[in-house]
4 protein chains.
Amino acid sequence: MMIILRPGTTEDKIAQLDEFVRKTGVEVQRIQGQDTTILGLSGDTSRIDPGMFDIFECVERTVKVAEPYKKANRKYHPQNTVVKAGNVEIGGNKIVVMAGPCSVESEAQVLSVARDCKRSGAAVLRGGAFKPRSSPYAFQGLGLDGLEMLKVAGRKTGMPIVSEIMSTEYIEQFERDVDIIQVGARNMQNFVLLRELSHIHKPILLKRGLAATVEELLMAAEYIMAGGNDQVILCERGIRTFETYTRNTLDLSVVPVLKRQSHLPVVVDPSHGTGLWWMVEPMSKAAIAAGADGLIIEVHNDPPHAKCDGQQSLTPMVFDKLMGSLRMIAQVEGRDI
Amino acid sequence: MMIILRPGTTEDKIAQLDEFVRKTGVEVQRIQGQDTTILGLSGDTSRIDPGMFDIFECVERTVKVAEPYKKANRKYHPQNTVVKAGNVEIGGNKIVVMAGPCSVESEAQVLSVARDCKRSGAAVLRGGAFKPRSSPYAFQGLGLDGLEMLKVAGRKTGMPIVSEIMSTEYIEQFERDVDIIQVGARNMQNFVLLRELSHIHKPILLKRGLAATVEELLMAAEYIMAGGNDQVILCERGIRTFETYTRNTLDLSVVPVLKRQSHLPVVVDPSHGTGLWWMVEPMSKAAIAAGADGLIIEVHNDPPHAKCDGQQSLTPMVFDKLMGSLRMIAQVEGRDI
Amino acid sequence: MMIILRPGTTEDKIAQLDEFVRKTGVEVQRIQGQDTTILGLSGDTSRIDPGMFDIFECVERTVKVAEPYKKANRKYHPQNTVVKAGNVEIGGNKIVVMAGPCSVESEAQVLSVARDCKRSGAAVLRGGAFKPRSSPYAFQGLGLDGLEMLKVAGRKTGMPIVSEIMSTEYIEQFERDVDIIQVGARNMQNFVLLRELSHIHKPILLKRGLAATVEELLMAAEYIMAGGNDQVILCERGIRTFETYTRNTLDLSVVPVLKRQSHLPVVVDPSHGTGLWWMVEPMSKAAIAAGADGLIIEVHNDPPHAKCDGQQSLTPMVFDKLMGSLRMIAQVEGRDI
Amino acid sequence: MMIILRPGTTEDKIAQLDEFVRKTGVEVQRIQGQDTTILGLSGDTSRIDPGMFDIFECVERTVKVAEPYKKANRKYHPQNTVVKAGNVEIGGNKIVVMAGPCSVESEAQVLSVARDCKRSGAAVLRGGAFKPRSSPYAFQGLGLDGLEMLKVAGRKTGMPIVSEIMSTEYIEQFERDVDIIQVGARNMQNFVLLRELSHIHKPILLKRGLAATVEELLMAAEYIMAGGNDQVILCERGIRTFETYTRNTLDLSVVPVLKRQSHLPVVVDPSHGTGLWWMVEPMSKAAIAAGADGLIIEVHNDPPHAKCDGQQSLTPMVFDKLMGSLRMIAQVEGRDI
């Protein structure tokens, strides 16, 4: 961390600040430029809020040098983390496709979709039981009943399941029944939920918030890892931009950045990321070409009658065709699917 | 709601879509333009997801006509809502200033700040017990102990208190001890929390998320009101923009928009909204000139040693001076403070 | 275009507005919903500013139905446009790679880079002569001298050249010497420049502004096409988001959207789009997988000594390797390179 | 400027970089942290692009210490700049209101509006002759004829005039006929235009681009000042955010920031900044309370029939009432109007 002082700061003021900084337990080194004086802080600065020095009139600005995330940082953990869910490995050479309905609607529906997805090559079954909806009047999911249906479909097809948790209330059921627990974009900074998830032993699929930076996403992962759960999968699912044609703007450029900054696996959600079913194919292929470790895709037996997000769901037939294209891109990348 | 069809859509396809739409329980009216056919939906469309029609190849786009929020909408409730917290009214003619430390640090500290704020004219005491921090390694607040200290300081000074709730876990304590329950920006779309708060009888101070639109903020208020709690105060606290000089960009233009679209009171947080103590005065004055019903301001006895956000806190002396300026602006607006 | 009226608007007011609207030369149809009345406008609405009706107190909001761009719209021109520059076709089956130095520094430099790029398979030579720099104190390019050097290198290697025009001042020289005239992101809405370029007969590479929507980009293309020049190539080069790790956020999701909404060719600039040389390879591959018709890539013989943007330039060796990977992705897409 | 090195960088690599940096003509000082080595650069770094060091694998990131703007920087010019246009001073104690029609439509119209504005207390007459329109099919202004009408109206009412220049083409006419030359938001980074304007002796009203940061706005001012024209007025006119209710989001928080970082006068355009006439009053009052030196407001004799932007124009009567309110706020601020 470096504290840049305003030009013309007196020796007196510098000494005062220097003393104040040392009390936080770090070492201070002074750098004298032509116009500018800088205090360089070394030691453990992870507990220091860079804003705290701005209160001093003589401080122009404080610059962080080290990233605030440690456990999620590739610098301190150069090897790729491979997350295991049942018999599936995420973050290894094999690209993992998670597929299934946006929301679980009935036992028959989810089982039928699960079988179709499995047949086409999906490795993990996704399905929503608790749905975060921006309107209190919209369908909110089948809740625990939906979770049970998903579990049954997962068992019958031999696929691990992933589903979204919306609060700490049902954490026991999720820990028991779900193979990968998803944290939605709107909860990426629900710190209470993240902290609870840090104490369990299940992989967490952490979706990026729609205005979140790379650092914020990795700090959210750090919350989970700080408590002892290092099975975190990062998920890009579209950010908010000025474009209104698409529901969100799928940010594929974050994929190589996350892979460089962190050792955690990275998957991409082209369904929510675009909100339009016909964009899923090009963006899925592009995601793999950009280096993603996996995809999470909505597939529905009857999109026009889906209880939510039908417009972004693929039919099983379209999904099957997509998997064919993805295999070819994966091959170019030297990876299996 | 209106469904705009792609040019050249056949009668066949239109009839099919028409039938599909009618099954949702609304009436359909057809509008024939030169190039374009539009289906106008009337009846109760609040349960219809406009995206659900996009799955039809013949649909170009769906446009919402009515706002999706009803209870928060001034259209259906033209009179201003006045929220009561203890003996304080928010949303009436009197401008309400809420002030206090970012986080409660000790009984003595919060009481001393409370007395200073009261003396200068603050009507409500604010103080953080549970702190949402982007780093798991940062100070997270004193929790229930902090809440107790705040309650004591509130009683001793005769001020109602406002404090942030971070999850449903402590909802009983908050309902019992706190006069206004704050929902932070990061939890604005924590729908489980909003739903729980809809069932209690305490005013809720709902902070706008940092990338939230007016509609999203009002839909979050709708979640609380849909369950029966109509004591909601809206709070602008800065949005994220490309500017990095300030922590956030305080959006005062939202004040007249919220006042026009909703009957709920609107307060402004210039401390978090800017992140810089010297911006609090100009932005507080501007907020009142723009029509805000109140302000929520951080005041700390010793900002350089504050456990969080010292850089945006005022000393009691600066706060006292600020209150003087605010009184003059309020007077011009024909309001008391 | 549809005008949505506020609930409770009197017949009187509706009649008044109806008459006002008809004077603009369009037909008006009335749609009566339960709470809402809508006026549907048909006829030529392209000259009508939707905001002009908002002045009426009874108008809630105006919604455009038709896209405001006509000539750039695939709806009215379903076939792909293929732009020809010398012997190169952009927008056909073959993917076109444009490569060369960010700025032309000397005759030897640009010729050497051009030869390397050509050998690796680039079809068009890019090079900056006039450089838009955010600081008046930074290197501004060699100007007309640079343009001459680029022309010579293009001739010697048999490659058409592309270079950025910054104002109408040198439009004659560009028309004479350059094969594709580039309009930079900051000039995307320099309407005077666009209008001048609409009168010449040279392909225009139009870069998307860093906060521009799809509609704004296509309206900028419309400016060029409205004057008679329909040889426009659209170029995604990164948008501004909250992320600061990369210089810009390369938005690949715009590629399928542009291809669906417009018939114009779409190329991607991964060099400016990311600002980091090591991101060029994954993002180039992803761009082709997403459906781009071409790429424009910075290659420099000695990046550390480049006069600008060295950090985002590839060495000829890295570029050569990249071209190998791109060929494989192109093949999967059923395209040549 | 400081170059932060990646952890584990060898002495060899550091020496190589050190040598490279020194060749740019600056001094280098080494700071050794616990994990991190930093090179501090001192001397004239204004010509150095911070990105140029990122090409070295050992460089993690480069941080600018000094602001890149010098002439616009309050640090080097602590006194407020007062810009003179005719007999009007902008940036002094008196708040200056510029008012007039969005676009000049006829001699009678502009004269009538000018007289009304003058009577209500406006000091400068605004009017558009050349209009930047996002559609090539929309009304583009009366051009030089419009400019002439504006000039006549200015003379007859004794008011200096401000009008927008769109390219270098008519720079002589503007220099001769216009008292304040406006650069529009879309041209804020039209560097050729800025450079030409740096050589003339007329005040420039520089509007902030809709995605521009404070630094970019001040660098645009620097372009004008670098060539010798230090009569620059900064103008906030709304930025683009995710909100679509308003045309733009008027950013009043930039006012105190600009006043602190720069000595140049700051005016606010609440008409374009919101796009809605009923927001002009609250936002104008708030702008003055936030510390603005002036306002630029659209006034039209017959808004429903305005050739552009009628929805954001005030009638002379509403403007007159507004001026009354503004006087009271100005008085609280200790300023005249």
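Up top you'll find the structure we're talking about.
Description of the structure in this document. Nothing here was measured: the structure is a model prediction, and the numbers come from that model.

**A word on the interface of chain A and chain B**
The partner chain B presents 48 residues to the 48 residues of chain A that form the contact. When the two sides are added together, the surface that chain A and chain B hide from each other amounts to roughly 4100 Å², 57% of it contributed by carbon and sulfur. On the chain A side of the contact with chain B, I55, Y137 and R186 of chain A bury the most area, a combined 17% of that side's loss. Our count for the contact surface shared by chain A and chain B stands at three salt bridges. Here R133 of chain B makes a salt bridge to D49 of chain A, at a shortest N to O gap of 3.9 Å. Linking chain A to chain B there are 16 residue pairs in polar contact (both at pLDDT 80 or more). Secondary-structure elements contributing two or more residues to the side of chain A that touches chain B are helix 5 (191-197) and helix 6 (214-226) of chain A. If you tally residues by element for the side of chain A that touches chain B, the top one is helix 6 of chain A, at five residues. Looking at the side of chain A that touches chain B, its residues break down into 21 nonpolar, 14 polar and 13 charged.

**Brief notes about the packing of helix 2 (residues 107-120) of chain B against helix 10 (residues 316-332) of chain B**
All names here are of chain B. Where helix 2 contacts helix 10, the two axes come as close as 9 Å, and the packing angle between them is 20 degrees. Taken together, helix 2 and helix 10 sit at an angle that is classed as roughly parallel. Between helix 2 and helix 10 the crossing geometry is right-handed. Across the interface between the two elements, D116, C117 and S120 of helix 2 pack against P316, F319, D320, M323 and R327 of helix 10. Broken down by class, the residue content of the contact of helix 2 with helix 10 amounts to four nonpolar, one polar and three charged.

**Section: the packing of aromatic side chains**
Taken as a whole, this structure holds 24 aromatic pairs over all chains when the rule is applied. Where F242 of chain A meets F242 of chain D, the ring centres are 5.8 Å apart and the plane angle is 55 degrees; that geometry is what we call tilted. In this pair, F242 of chain A is assigned in the loop between strand 12 (232-236) and helix 7 (254-261) and F242 of chain D in the loop between strand 12 (232-236) and helix 7 (254-261), connecting two distinct chains. Here the two residues F242 of chain A and F242 of chain D agree in accessibility, since each one is buried. Pairwise contacts between aromatic rings join F242 of chain A, F242 of chain B, F242 of chain C together with F242 of chain D into one cluster. Here R260 of chain A stacks its cationic end above the ring of W278 of chain C, 3.9 Å away from the centre of that ring. Looking at R240 of chain B, its charged tip hangs above the ring of F242 of chain C, at a distance of 5.9 Å from the centre.

**Describing the environment of Q261 of chain D**
All names here are of chain D. Relative to the helices and strands, Q261 resides in helix 7. Overall, the relative accessible area of 8% leaves Q261 in the buried class. As for Q261 and K75, which are separated by 186 residues in sequence, their C-alpha atoms are 7.4 Å apart. At 3.2 Å, the side chain of Q261 and the side chain of E67 are in polar contact.

**A short note on the sheet that holds strand 4 (residues 59-63) of chain D**
All names here are of chain D. As summarised here, the arrangement of the four strands in space is 2-3-1-4, forming an open sheet in which the pairing is antiparallel. Two strands bound the open sheet, and with one partner strand each, they are strand 2 (27-32) and strand 4. Strand after strand, the sheet turns through a mean of 20 degrees between neighbouring axes, direction not considered. Examined bridge by bridge, strand 1 (residues 2-5) and strand 3 (residues 37-42) share three bridges and lie antiparallel to one another. Across the sheet, residue I4 finds its bridge partner in strand 3, namely I38.

**Things to note about the relation of the copies chain D and chain B**
Between chain D and chain B, which share one sequence, the superposing operator has a rotation angle of 180 degrees and an axial displacement of 0.0 Å; the RMSD is 0.0 Å. Here the two chains are linked by the operation of a two-fold rotation axis. Minimal C-alpha separation from the rotation axis in chain D is found for A286 of chain D, amounting to 2.0 Å. An overlap of 100% is found between the interface residues of chain D and their copies at the interface of chain B, pointing to a shared contact surface.

**Examining helix 2 (residues 107-120) of chain D**
All names here are of chain D. Relative to the 20 Å expected for 14 residues at 1.5 Å per residue, helix 2 spans 20 Å between its end C-alpha atoms, a close match to the ideal helical length. Of the residues making up helix 2, those classed as buried are Q109, V110, L111, V113, A114, C117 and S120. Contact partners of the buried residues in helix 2: strand 7 (96-100), strand 8 (124-126), helix 3 (144-157) and helix 10 (316-332). Phi for G121, located one or two positions after helix 2, is positive at around 115 degrees.

**With respect to the interface of chain D and chain B**
Taken together, the 31 residues of chain D in the interface contact 31 residues of chain B. Per-residue buried area on chain D facing chain B is highest for Y245, W278 and V332 of chain D; these three make up 18% of the total on that side. For the interface between chain D and chain B, the tally reads two salt bridges. A salt bridge links K285 of chain B to E333 of chain D; the nearest nitrogen and oxygen atoms lie 2.9 Å apart. The tally of links from chain D across to chain B stands at six residue pairs in polar contact (both at pLDDT 80 or more).

Cut-offs applied
Sequence order sets the numbering: in each chain, residues are counted from 1 along the sequence as written. For naming, the first written chain is A and the first written ligand is 1, with later ones following in the order written. The model is predicted, so local features are restricted to residues of pLDDT at least 70 and side-chain atom pairs to those at 80 or more, both for listing and for counting; the totals for chains, interfaces and linings are taken over all residues. Heavy atoms throughout the structure, all of them, feed into the side-chain values; hydrogens and water do not. Contact between two residues is taken to exist if any of their heavy atoms lie within 4.5 Å; hydrogens are not considered. As a working definition, buried area equals the accessible area (1.4 Å probe) given up by two parts on being put together, with both sides summed. When a carboxyl oxygen of Asp or Glu is within 4 Å of a side-chain nitrogen of Lys or Arg, the pair counts as a salt bridge. The definition of a polar contact used here is a pair of N or O atoms within 3.5 Å, where within protein one atom must be able to donate a hydrogen and the other to accept one, and adjacent residues in sequence count solely through side-chain atom pairs. Only DSSP runs of H or I covering at least 4 residues are called helices, and only runs of E covering at least 2 are called strands; the numbering of each starts at the N terminus. Residue polarity is assigned by list, with Asp, Glu, Lys and Arg as charged and Ala, Val, Leu, Ile, Met, Phe, Trp, Tyr, Cys and Pro as nonpolar; anything else, Gly included, falls into the polar class. Lines are fitted to the C-alpha atoms to define the axes, a helix being fitted only along its stretch in contact, and any angle between axes, read from their N-to-C directions, falls within 0 to 180 degrees. Here is the rule for angles: anything less than 35 degrees is roughly parallel, anything more than 145 is roughly antiparallel, 65 through 115 is roughly perpendicular, and the remaining ranges are oblique. Here a crossing is called left-handed whenever its near helix is offset anticlockwise from the far helix by less than a right angle, and right-handed whenever the offset is clockwise. Two rings belonging to Phe, Tyr or Trp (six-membered ring only in the last case) form a pair when the distance between their centres is within 6.5 Å. Interplanar angles under 30 degrees mark stacking, angles over 60 mark edge-to-face geometry, and anything in between is tilted. Summary of the burial criterion: residues with accessible area below 20% of their type's maximum are buried, those above 50% are exposed, and those between are partly exposed, where the area comes from a 1.4 Å probe applied to protein chains only. Ring-over charges, as used throughout, are those where CZ of Arg or NZ of Lys falls within 6 Å of the ring centre and within 35 degrees of the ring normal. A pair of strands counts as paired when DSSP detects no fewer than two bridges linking them. The least-squares superposition of copies is restricted to C-alpha atoms, and to residues with a pLDDT of at least 70 in both copies. Helix span, expected: 1.5 Å multiplied by one less than the number of residues in the helix.

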